[in-house]
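As a plain string of letters, each chain reads:
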Amino acid sequence: MIPNIYAWKNFWCWLSTILVLRKLEVTVYNDKVTSESPQHTKLMDGGNYSVVSEFLLLGLTNSWEIQILLFLFFTTFYIAAMLGNLLIVLTIIFDHHLHSPMYFLLANLSLIDTGVSNIATPKMVYDLFRKHKVISLNGCITQMFFIHTVGGTEMVLLIVMAYDRYIAICKPLYYLTIMSLRMCISLLAVAWTIGLIHSVAQLAFVVHLPFCGPNKMDSFYCDFPRFIKLACTDTYRLEFLVTANSGFISMGTFFILIVSYIFILVTVRKHSSGGSSKALSTLSAHITVVVFFFGPCIIVYVWPFPTLPIDKFLAIFDALITPLMNPIIYTFRNKEMKVAMKRLLCKVLSFRKHSFTHNPRNSD
């Protein structure tokens, strides 16, 4: 009887050991799957659901030859946009002839354009040669936040620049009184505040959306239309919210600006004088920038569901071409900027020559 008791005891010990080892093996396997997969399964309320932790960006093309061309194209435009906008900022800062309200606003527009260039373009260039173009959920939300904060700020800043031109042309005697430095800083603060509200108002509704499976985004960056489409819930109201917030506001602001510039042009025609050609040149530059900025926004956001195949190319235009067009337009069509840039270049060259002459090594 005693041997039987020991036999049963050994059997149960052996069975318990096998069960513990099996449970440990399953736990290790589940942890490995959870850490390696972008989607992992959780248990909640008695049911299983898949949680997406990252998105797969399909990009622009899979052709190696086209990717090389796109790399050269994107890199060239990115560097040119950064250098052009930074050159405008530095020229306005160091040239006292440009210390006026119009150029103060132009410098801030160039700073915003450098931000626009850096939100999606570096990752887009980096992803060209990656087989798996992924972005985390938090990274996607962060990208959308900055896109709409900077975009909303630029939208308001263009309105402020139109108001500045209206005061300068229609009320020239009161221009410096109305557009004082304090007023310019206040208007700039309002622009950033509205841009922040515009972005947060949309993120508040989408940040807690459930994503339960599909994680492929047919784009090279994250934005609300494609982001919302991947949610596993009814998103009709959110689609309407995005259309109203980004689409209709862009379209409404665009028409307000166009009407404002038409009114200013009519005023210039009525009070034609020696400075009318300069005013017309400045206004035409402003109108060109407005069209370049709002055109892609209206097409992408007014009818974003279902998304248009052309919206990826419009996004490229908005992220790369527009930030580069601003310094080109405001430089080539503005004599004061060209003269100021020449003065700045001369100062830099004279400083380098002076430092080279007084270098002890060269004096020997």
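Residues numbered from 1 in each chain as written. Predicted model: local features only at pLDDT ≥ 70, side-chain atom pairs only at ≥ 80, totals over all residues. Heavy atoms only, no water.

With that settled, consider helix α8 (residues 236–270). Over its 35 residues, α8 runs 49 Å from end to end, which matches the ideal 51 Å to within 8%, given 1.5 Å per residue. Along its length, α8 reaches its greatest deviation from straightness, about 30 degrees, at A244. (Helix = DSSP H or I, 4+ residues; strand = E, 2+ residues; numbered from the N terminus. Expected span 1.5 Å × (residues − 1). Bend = angle between axes of the 7 residues up to and from the residue.)

Our focus in this paragraph is the state of the cysteines. By definition, a disulfide links two cysteine residues through a covalent bond between their sulfur atoms. All chains considered together, the criterion is met by one disulfide. One disulfide in the model links C140 with C222; its S-S distance is 2.0 Å. Taking the torsion about the S-S bond as the criterion, the C140 to C222 disulfide, at about -120 degrees, is left-handed. Within this pair, whereas C140 is found in helix α4 (residues 137–170), its partner C222 is found in the loop between β5 (216–217) and α7 (224–229), the two being separated by 82 residues in sequence. Overall, C222 belongs to the buried group, its relative accessible area being 0%. (Disulfide = S-S within 2.5 Å. Buried < 20%, exposed > 50% of the residue type's maximum accessible area, 1.4 Å probe, protein only.)

To continue, consider the nonpolar core. In this structure, I92, L106, L158, F294 and M337 are the most contacted members of the largest nonpolar core, which totals 48 residues. Elements with a minimum of two residues in this core: α2 (64–94), α3 (101–127), α4, α6 (181–206), α8, α9 (276–302), α10 (311–332) and α11 (335–357). In terms of residue count, α4 provides more of this core than any other element does, ten residues in total. Sequence-distant contacts of L106, that is, excluding residues within four places in its chain, are made with I88, I92, M161, Y330 and M337. Counting 24 residues, the second largest nonpolar core, distinct from the first, contains V52, I135, V206 and L209. (Core = buried A, V, L, I, M, F, W, Y, C linked by side-chain atoms within 4.5 Å. Contact = heavy atoms within 4.5 Å.)

Turning our attention to the packing of α3 against α6. In the contact formed by α3 and α6, the axes pass within 10 Å of each other and the chain directions differ by 25 degrees. Regarding the angle of α3 to α6, the classification is roughly parallel. For the pair α3 and α6, the sense of crossing is right-handed. Where α3 abuts α6, its residues P101, F104, N108 and I112 lie against L181, C184, I185, L188 and W192. Classifying every residue of the contact of α3 with α6 by side-chain character gives eight nonpolar, one polar and no charged. (Axes fitted to C-alpha atoms, helices over the stretch in contact; angles between N-to-C directions. Parallel < 35°, antiparallel > 145°, perpendicular 65-115°, else oblique. Left-handed = near helix turned anticlockwise from the far one by under 90°. Nonpolar A, V, L, I, M, F, W, Y, C, P; charged D, E, K, R; others polar.)

Within the element layout of this structure, Q143 appears in helix α4. Among the residues examined, Q143 registers a relative accessible area of 7% and is labelled buried. Reaching out from Q143, the side chain makes a polar contact with the backbone nitrogen of C222 at a distance of 2.7 Å. Setting aside anything within four residues of it in sequence, one finds Q143 in contact with I119, A120, K123, I135, Y221 and C222. (Polar contact = N/O pair within 3.5 Å; in protein donor to acceptor, adjacent residues only side chain to side chain.)

A few words now on the pairing of strand β3 (residues 54–57). The side chains of a regular strand alternate, residue by residue, between the two faces of the sheet. What you see with β3 is a clean split: F55 and L57 sit on the buried side and E54 and L56 on the side with no burial. Both β3 and strand β4 (residues 134–136) contribute to a ladder of three bridges, which runs antiparallel. The residue bridging E54 from the neighbouring strand is S136, located in β4. Sheet topology places β3 next to β5; two bridges connect them, and they run parallel. By the bridge assignment for β5, L57 is matched with M217. (Pairing = 2+ DSSP bridges.)

For the rest of this paragraph, the subject is the sheet that holds β3. Pairing is mixed in the open sheet, where three strands are placed in the order β4-β3-β5. Looking along the sheet, the strands with just one partner apiece sit at the ends: β4 and β5. Each of β3, β4 and β5 is contacted by α4, which is oriented at about 85 degrees to β4, the strand it contacts most.

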